[in-house]
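# Overview (structure and organization)
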Amino acid sequence: MILECRNLTKTYRGKKAVADLSLSLENGKIYGLLGENGSGKTTLMKMIAGLVKPAEGEILYHGHPLEYRDKAHIAYMSTEPFYYDYMKVSDVGRYYEDFFEDFDRKYFQDLIGKFGLEEGMKAKDMSTGMSAKLKIAATLARKSELCMLDEPLNGVDYKAREEIIALILEEADDKRTFLLSTHLIDEIESFVEKAFFIKSGELIKGMDLEAERMASGRSLTDVYMDIM
Amino acid sequence: MGKLIKYEWRKQRTTRVVILISLLVGLLAFLWGMLFKNDVFAAMVLLVMFSVSLLVLLYTGIESILIFNRDLRTKQSYMLWMVPRSVWEIVGAKFISAILQMLFSFAVFFAAGCLCGGALLYYSDGMKSVIEMAQIIVKNFFEEGNLIDILWFVATFVIAWIEVIMIGFLAVILSRTVLLHSKFAGLFSLILFFVINWIVERGYSLIHAIPLFKDAGNLGIWNIWDCVYYLLISAILFLATGWLADRKLSV
Amino acid sequence: MEYNTGMPIYLQVIHELKKKMVKGELKPGEKMPSNRDLAVLYKVNQNTAARIYREMETRGYCFTKRGIGTFVSEEEEMFEDLKKEMAGELLRNFIHEMEDLGYEKDDIISQIEDYKEEQK
């Protein structure tokens with residue numbers, strides 16, 4: 001077990017964004033985090049990333065309470081662009097190299113080339129698609145133990161989507177754990193191992209995809225339609 | 001820590017460039033006035049440069065508070081808070097780069113002042129008087145011990161200003177933590193800024209009312225206890241800011 | 001590859017690989033893709049890829065050389081068996097479906113003959 005969340009709760013302006021949520025992640029698996037907008041997926045990821053402090057409950061990373069040093073092994077990519085306005089693609093690479101030991105600059109540059117981006121491009125002036133590619137390249141180039149991608153398939157065209165999925169599948173070996181949130185359930189159906197369904201901040205179901213298909217012949221989409 | 005400071009320092013680069021360019025323009029204008037014996041113009045330029053420099057020094061401090069606020073409110077905050085560094089290092093780096101920025105502004109304005117002074121002397125009395133003046137200043141500062149006075153003055157000023165920035169940091173972090181759910185967090189933090197400032201000044205007057213401190217610390221015209229007091233307050237403010245960020249901050 | 005998402009993915013990939021073996025796209029003794037490549041190729045995760053090879057190995061379709069990779073079985077007989085097995089499976093499904101529609105065995109045969117005539 002790499003990560004365990006116990007009874008996490010977070011309230012924003014009187015409304016519970018995450019409510020008494022417990023789940024655990026095992027090493028070397030790909031997890032899906034599913035739910036509508038505002039259901040608490042992002043808040044959960046940000047808590048694991050150490051950006052948001054839970055009001056109640058605790059997060060254990062490899063059995064110890066989450067602390068700032070763990071950020072060295074946990075990568076988080078937010079839905080929105082978050083790089084500094086002045087940053088070019090090359091600055092983003094340098095920043096990650098400066099702060100993350102697990103960052104592979106060479107691999108980052110490969111990905112940048114693969115995605116058709118250039119080192120001199122300014123992050124601020126990029127289109128949604130390019131910006132999404134830059135984020136994913138920087139985040140995946142961190143060979144982090146735990147990699148959380150919030151809507152990695154948003155805003156990119158079909159070809160880029162397939163490329164991103166291929167990258168994730170290439171990188172997700174038995175040493176790395178992935179947690180993905182997405183609205184495009186069809187896209188992740190074939191490779192996600194376990195899905196968590198979140199509604200109004202609560203975990204309403206954890207589903208082992210292959211086991212469910214074997215037992216009831218229901219797909220991820222079927223279950224999603226049923227319970228959400 | 002060095003890397004954090006590097007990126008914090010980078011965030012205020014535009015301001016430094018603006019300062020340098022406007023100083024250069026000012027200096028050139030002043031020299032032009034000197035060259036063509038347009039004394040009124042040159043004096044005007046000096047006056048403008050002096051008042052602008054005061055404003056800029058003020059702004060430099062405020063800017064670091066504004067950047068801190070931006071680093072807590074916008075998506076860009078992830079950049080800062082996703083790095084595997086402790087809150088103390090992050091806030092510390094911000095603090096140090098705020099001081100560096102201020103020292104930078106101070107230094108360039110001081111250099112510009114010296115240049116203007118030198119140029120003034122040169123054009124009125126020639127090179128000889130510039131050298132004489134420099135000798136007088138050196139003699140005055142280094143041989144008669146006035147340098148220490150000046151340094152104390154600068155130190156007190158810098159420390160007092162640091163303390164004001166620290167109050168700003170604390171006010172910002174308060175607005176993003178304990179006051180987060182209030183509608184008027186921004187307004188509250190502004191009020192808090194003045195309230196904390198007022199409290200600190202009250203403390204200052206109280207200490208000065210104690211005869212022991214009043215007399216014991218006097219070193220020429222500057223009181224060593226002023227520095228100690230402001231440093232102590234800054235340390236407390238820093239601890240409070242870091243503690244709040246560590247316990248309560250969500251970006 | 002298009003999946004029937006209501007059926008276990010790993011079984012569908014195994015089926016696909018078996019078909020490739022029967023069709024000769026995967027030849028006896030040929031090296032198969034690594035877990036990683038298989039994962040990307042079939043859009044499955046690497047654990048599923050490993051499971052696919054594990055299953056295929058226990059059924060004798062392939063074998064693993066430690067540190068080198070997974071290879072297609074070299075036994076010619078197995079390929080024949082596989083072909084028969086897959087054909088049998090198709091036939092079984094077909095007949096089952098036809099019987100559901102109410103066709104008797106003889107009707108089915110004549111239907112097939114008619115179909116072959118039409119295709120000419």
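A brief report on the enclosed structure follows. (Residues numbered from 1 in each chain as written. Chains lettered and ligands numbered in written order. Predicted model: local features only at pLDDT ≥ 70, side-chain atom pairs only at ≥ 80, totals over all residues. Heavy atoms only, no water.)

### Some details on the nonpolar core
Core analysis: the biggest nonpolar cluster contains 128 residues, and A:Tyr83, A:Tyr96, A:Phe108, A:Leu134 and B:Trp81 have the highest contact counts within it. When residues in this core are grouped by element, the largest group, 14 residues, is from helix α7 (residues 146-176) of chain B. Taken domain by domain, this core gets at least three of its residues from each of domain 1 (1-125) and domain 2 (145-251) of chain B. The residues contacting A:Leu134, other than those within four sequence positions of it, are A:Tyr83, A:Val89, A:Val92, A:Phe108, A:Ile112, A:Leu117, A:Ala123 and A:Met126. Among the nonpolar cores identified, the runner-up in size contains 23 residues, and C:Ala39, C:Ala49, C:Tyr53 and C:Leu82 belong to it. (Core = buried A, V, L, I, M, F, W, Y, C linked by side-chain atoms within 4.5 Å. Buried < 20%, exposed > 50% of the residue type's maximum accessible area, 1.4 Å probe, protein only. Helix = DSSP H or I, 4+ residues; strand = E, 2+ residues; numbered from the N terminus. Domains from an automatic or database assignment. Contact = heavy atoms within 4.5 Å.)

### Points about the interface of chain A and chain B
The partner chain B presents 28 residues to the 28 residues of chain A that form the contact. In total, chain A and chain B occlude about 2700 Å² of area from one another, counting both sides; carbon and sulfur atoms represent 60% of this. Interface area lost by chain A to chain B is led by A:Leu51, A:Tyr84 and A:Phe99, which between them contribute 26%. Remark: the boundary between chain A and chain B carries 2 salt bridges. One salt bridge in this structure joins A:Glu80 and B:Lys75, with 3.7 Å as the shortest N-O distance. At the junction of chain A with chain B, the criterion picks out 17 residue pairs in polar contact (both at pLDDT 80 or more). The greatest single-element share of the side of chain A that touches chain B, amounting to 5 residues, is contributed by helix α2 (residues 89-99) of chain A. Residues that form the side of chain A that touches chain B fall into these classes: 16 nonpolar, 2 polar and 10 charged. (Buried area = accessible area lost by both parts, 1.4 Å probe. Salt bridge = Lys/Arg side-chain N within 4 Å of Asp/Glu carboxyl O. Polar contact = N/O pair within 3.5 Å; in protein donor to acceptor, adjacent residues only side chain to side chain. Nonpolar A, V, L, I, M, F, W, Y, C, P; charged D, E, K, R; others polar.)

### Describing the arrangement of the chains
Among the 2 pairs of chains that make contact, the interface with the largest number of contacts is formed by chains A and B. Structurally, chain B and chain C remain out of contact, their C-alpha atoms never closer than 27 Å.

### A few points about the interface of chain A and chain C
The extent of an interface is frequently quoted as the accessible surface area lost upon association of the parts. Taken together, the contact between chain A and chain C spans 23 residues of the former and 17 residues of the latter. Where chain A touches chain C, the interface holds 3 salt bridges. Two residues, C:Lys43 and A:Glu187, come together in a salt bridge whose shortest N-O distance is 3.3 Å. Counting across the chain A and chain C interface gives 12 residue pairs in polar contact (both at pLDDT 80 or more). Every element with two or more residues in the side of chain A that touches chain C is listed here: α5 (158-171) and α7 (209-216) of chain A. Per-element accounting of the side of chain A that touches chain C gives the leading share, 6 residues, to α5(A). Split into classes, the residues belonging to the side of chain A that touches chain C amount to 8 nonpolar, 4 polar and 11 charged.

### Points about the sheet that holds strand β2 (residues 15-25) of chain A
All names here are of chain A. Within the open sheet, the 4 strands sit side by side as β2-β1-β4-β5. Their pairing is antiparallel. The open sheet has two edge strands, β2 and β5 (64-65), and neither has a second partner. Examined bridge by bridge, strand β1 (residues 3-12) and β2 share 7 bridges and lie antiparallel to one another. Paired with Tyr 12 across the bridge in β2 is Lys 15. (Pairing = 2+ DSSP bridges.)

### What about the environment of B:Lys11?
In this structure, B:Lys11 sits in helix α1 (residues 2-11). Classification of B:Lys11 by relative accessible area gives buried; the value is 11%. Each C-alpha atom, one on B:Lys11 and one on B:Lys248, is 25 Å from the other, the two residues being 237 residues apart in sequence. The residues contacting B:Lys11, other than those within four sequence positions of it, are A:Tyr84, B:Ile67, B:Arg70, B:Asp71, B:Leu80 and B:Lys94. A distance of 2.7 Å separates a polar atom in the side chain of B:Lys11 from a polar atom in the side chain of B:Asp71.

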